[in-house]
Amino acid sequence: MSSEKRPKNEDEYFARRDAELLRQQRETARQSAAAVERKTHYMKCPKCGYDLITGDWDGIQIDQCTHCHGIWFDAGEAESMIKKSATPDMLGRIFRAVAKGVTRE
C-alpha cells in the first residue's frame, strides 16, 4: 500500500501522535527554561541584583543584600518577627542589629 492511499484514520492517528510528541517536547523545553531562569535569580537581591546573605534572628531567616543593604523576608517571616517581638522597640532593635551586621559598623 503506498503512502498516497493510506486510510484516513491512519493519517489522523499519526497527526495526533506527532502533535502529542511536539506538545511534550515543548513542555520539557519550557520546564528546562524555567529551571535555568530560577537559578539565575536564586539568592539575588530583587532591587539591585547583587548576592543575598542569610542571617538568623531568633530562628527567623532574614536575607540581606551585600550591596544596597536591603532586607528581604520570605513569606510569613515578617509576621513571625512581629509576633516574637516582646516589646514595642524590639522590632527597631532587630533592624538596627541587622543593618549593623551588613554595614559592619
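Owing to the predicted nature of the structure, the values given are computational and were not obtained by experimental measurement.

Draft legend 1. Quick peek at the side chain of Asp63. Along the chain, Asp63 falls in strand 2 (residues 60–65). Judged by relative accessible area, which is 8%, Asp63 ranks as buried. Only 3.1 Å separates the side chain of Asp63 from the side chain of Thr54, close enough to count as a polar contact. Excluding anything up to four places from it in sequence, Asp63 contacts Met43, Leu52, Ile53, Thr54, Gly70, Ile71, Trp72 and Asp74.

Draft legend 2. Representation of helix 1 (residues 8–41) within the structure. With 34 residues, helix 1 extends 50 Å from end C-alpha to end C-alpha; this agrees with the ideal 50 Å at 1.5 Å per step. Note on helix 1: the residue one or two positions beyond its end, Met43, has a positive phi of about 55°.

Draft legend 3. Molecular detail of the environment of Gly59. In this structure, Gly59 sits in the loop between strand 1 (52–57) and strand 2. For Gly59 and Ser80, which are 21 residues apart along the polypeptide, the C-alpha to C-alpha distance reads 9.6 Å.

Draft legend 4. Molecular detail of the pattern of salt bridges. The tally for this structure, following the rule as stated, stands at 5 salt bridges. The salt bridge partner of Arg23 is Glu20, with a shortest N-O separation of 2.7 Å. Note that Arg23 and Glu20 are positioned in helix 1 at a spacing of 3 residues, about one turn of the helix.

About the thresholds
- In every chain, residue numbers begin from 1 and rise along the written sequence.
- Local features in this predicted model are restricted to residues of pLDDT 70 or higher, and side-chain atom pairs are both shown and tallied only at a pLDDT of 80 or more, whereas totals for entire chains, interfaces and linings draw on every residue.
- The side-chain numbers reported here are obtained from all heavy atoms of the structure, hydrogens and water having been left aside.
- Under the DSSP-based scheme used, a helix requires at least four consecutive residues in state H or I and a strand at least two consecutive residues in state E, with every element numbered from the N terminus.
- Here the term buried applies to any residue with accessible area under 20% of the maximum for its type, exposed to any over 50%, and partly exposed to those in between, with areas from a 1.4 Å probe on protein chains only.
- Any N or O atom pair separated by 3.5 Å or less is treated as a polar contact, with the protein-specific requirement of one donor-capable and one acceptor-capable atom, and with residues adjacent in sequence counted only for side-chain atom pairs.
- The contact criterion used is simple: two residues touch if any of their non-hydrogen atoms lie within 4.5 Å.
- For a helix, the expected span equals 1.5 Å multiplied by the number of residues minus one.
- For this analysis, a salt bridge means a side-chain nitrogen from Lys or Arg found within 4 Å of a carboxyl oxygen belonging to Asp or Glu.

Keep in mind these values describe shape, not function.
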